[in-house]
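# Residue-level structural notes
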Amino acid sequence: MTNSLRQAYSEEDCFKWKVQDTGLHAPRTKLAKFKLEPSQKRMNWLFPSSKGSGPLPPLNSLQQQRQRQIESLKTAHSSLAEIQKDVEYRIPFTVNNSTINVNILLPPQFPQEKPVVSVYPPVGHHLVDSNNGTNVTSPLIANFGMHSDLGKVIHSLLDEFRKSPPVLTGATGRCVRGTAGLNGHMYKMPEIPDTFPELSEMSVSQLKDLSEQEDVLLEFFACLPQLKRVTADKEELVNSIVNMAKKNLQLEPQLEGKRQEMLFKYEQLTQNKSAFETKMQRQHELSESCSLSALQARLKVAAHQAEEESEEMAESFLEGKSEIDDFLANFMEKRTLCHSRRAKEEKLQQSINMHGQFPSSH
């Protein structure tokens, strides 16, 4: 009888899994035949009809591995809550007086596919995606494979959270550790006692009024020291914010002056940069014109020019167009200039071969 009951439960769970996994939502009329009365179910389990389906087919290898991983998860975590059978699970844990839920979602092809692990509410932690604060990006999850152990992986993740506690994040992304945060300042909420001594001093009628009348209940809470402290701290925080805002407004003219000064200096920088680039271009042109190779080329042209002029003087003297005294004086001057320029050209060539185009000065 026990085996028959177990088989009947397995058949029903298998049907639920297939409907959930495929995302199908059959009409109520089609699913009505599965909603049997408890007594009718028991009778069907104990006395199966001849038209009923046969025994469930054996689980395939992937399904068996999936079940082993789920059993490992259940064994390793006693506080595990099943949200959807064989699909979604949740583990609550407490950090700094705040409860954080670790959600484990198993895709259809798990464990061939990696589990999707997330936390709620959003937190700041090096193992959690900083963009949304919920998706766990731990290497233990990213590298999950067929031979990994889901129970041990989640256990290691929780150990890491205990060693390095996550920080709750508000809607603006600022961090709060079970506290209210503003501009990075942390506010620790007062401890909530397990019992309220004030209630023990009340009569039955007073307690009844407290339970039935909302205004009486609100008045009671308003008189609690914890709420009074929160209210006083709130007023103090508001005053602090107002004072800070006033100081910021007083600093606004100084900030505007600094901004204008910065813009003026930036404009100067732009002009100086443009002038510097122009001078650098001019300096480059002058360097090119004063290079040893440029000087050598000009000396070569000048030497050739002096040689041609001396040749013209010689031809003019041979043709009898100039006197001998004038010829000797001018011819010797041109030839001396020509040889001097050629000597300088050769010396520059030697310097170029030894030191390059722009020798460093010593």
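Looking at an unreviewed UniProt entry, one finds the protein chain named VPS37 C-terminal domain-containing protein and attributed to Esox lucius. Recorded under Function (unreviewed entry), the UniProt text for the protein chain is reproduced unchanged: "Component of the ESCRT-I complex, a regulator of vesicular trafficking process. Required for the sorting of endocytic ubiquitinated cargos into multivesicular bodies. May be involved in cell growth and differentiation." UniProt lists a comment for the protein chain under the heading Sequence similarities (unreviewed entry), and it reads "Belongs to the VPS37 family."

### Digging into the pattern of salt bridges
Inspection of the entire model under this criterion finds nine salt bridges. Put simply, R342 and E307 hold a salt bridge, and the shortest N to O gap is 2.1 Å. Of the two residues, R342 is situated in helix α12 (residues 324-355) and E307 in helix α11 (residues 292-318); the sequence distance between them amounts to 35 residues. Given the relative accessible area of 31%, R342 is considered partly exposed.

### Description of helix α10 (residues 225-289)
Helix length check: α10, at 65 residues, gives a terminal C-alpha distance of 89 Å against a target of 96 Å (1.5 Å per residue), a fit within 8%. Along α10, the helix axis deviates most sharply at E252, where the bend reaches about 40°; the proline P253 sits within four residues downstream.

### Quick look at the nonpolar core
Generally speaking, a soluble globular protein has its nonpolar side chains buried in company with each other. The biggest cluster of nonpolar side chains holds 27 residues, and the ones touching the most others in it are L73, V102, I104, V119, L150, I154 and F161. By residue number, the principal contributor to this core is helix α6 (residues 150-163), which donates six residues. When sequence neighbours within four positions are dropped, the list of residues in contact with V119 reads I100, N101, V102, V128, G133, T134, V136 and F161.

### Regarding a nonpolar patch on the surface
A grouping of M262, L263, Y266 and L269 is seen on the molecular surface, where their side chains present a nonpolar patch of about 430 Å² in accessible area. Within the secondary structure, L269 is located in helix α10.

### Re the pairing of strand β3 (residues 98-105)
Pairing analysis gives eight bridges linking strand β2 (residues 88-95) to β3, with the strands arranged antiparallel. Pairing of E88 across the sheet is with L105, part of β3. Between β2 and β3, which follow one another and run antiparallel, lie two residues, and N96 among them has a positive phi close to 50°.

### Description of the packing of helix α8 (residues 204-212) against helix α9 (residues 214-222)
In contact at an axis separation of 5 Å, α8 and α9 are set at 105° when each is read in the N-to-C sense. Considering the angle they form, α8 stands roughly perpendicular to α9. Side by side, α8 and α9 meet where D209, L210 and E212 of the first sit next to E214, V216, L217 and F220 of the second. Its residues placed into classes, the contact of α8 with α9 shows four nonpolar, no polar and three charged.

What counts, and at which threshold
- Residues numbered from 1 in each chain as written.
- Predicted model: local features only at pLDDT ≥ 70, side-chain atom pairs only at ≥ 80, totals over all residues.
- Heavy atoms only, no water.
- UniProt positions renumbered as here; feature names shortened; annotations may be inferred.
- Salt bridge = Lys/Arg side-chain N within 4 Å of Asp/Glu carboxyl O.
- Helix = DSSP H or I, 4+ residues; strand = E, 2+ residues; numbered from the N terminus.
- Buried < 20%, exposed > 50% of the residue type's maximum accessible area, 1.4 Å probe, protein only.
- Expected span 1.5 Å × (residues − 1).
- Bend = angle between axes of the 7 residues up to and from the residue.
- Core = buried A, V, L, I, M, F, W, Y, C linked by side-chain atoms within 4.5 Å.
- Contact = heavy atoms within 4.5 Å.
- Patch = residues over 30% accessible without salt bridge, like charges linked within 9 Å, V, L, I, M, F, W, Y side chains within 5 Å.
- Areas by Shrake-Rupley, 256 points an atom, 1.4 Å probe, with all protein chains shown as cover.
- Pairing = 2+ DSSP bridges.
- Axes fitted to C-alpha atoms, helices over the stretch in contact; angles between N-to-C directions.
- Parallel < 35°, antiparallel > 145°, perpendicular 65-115°, else oblique.
- Nonpolar A, V, L, I, M, F, W, Y, C, P; charged D, E, K, R; others polar.

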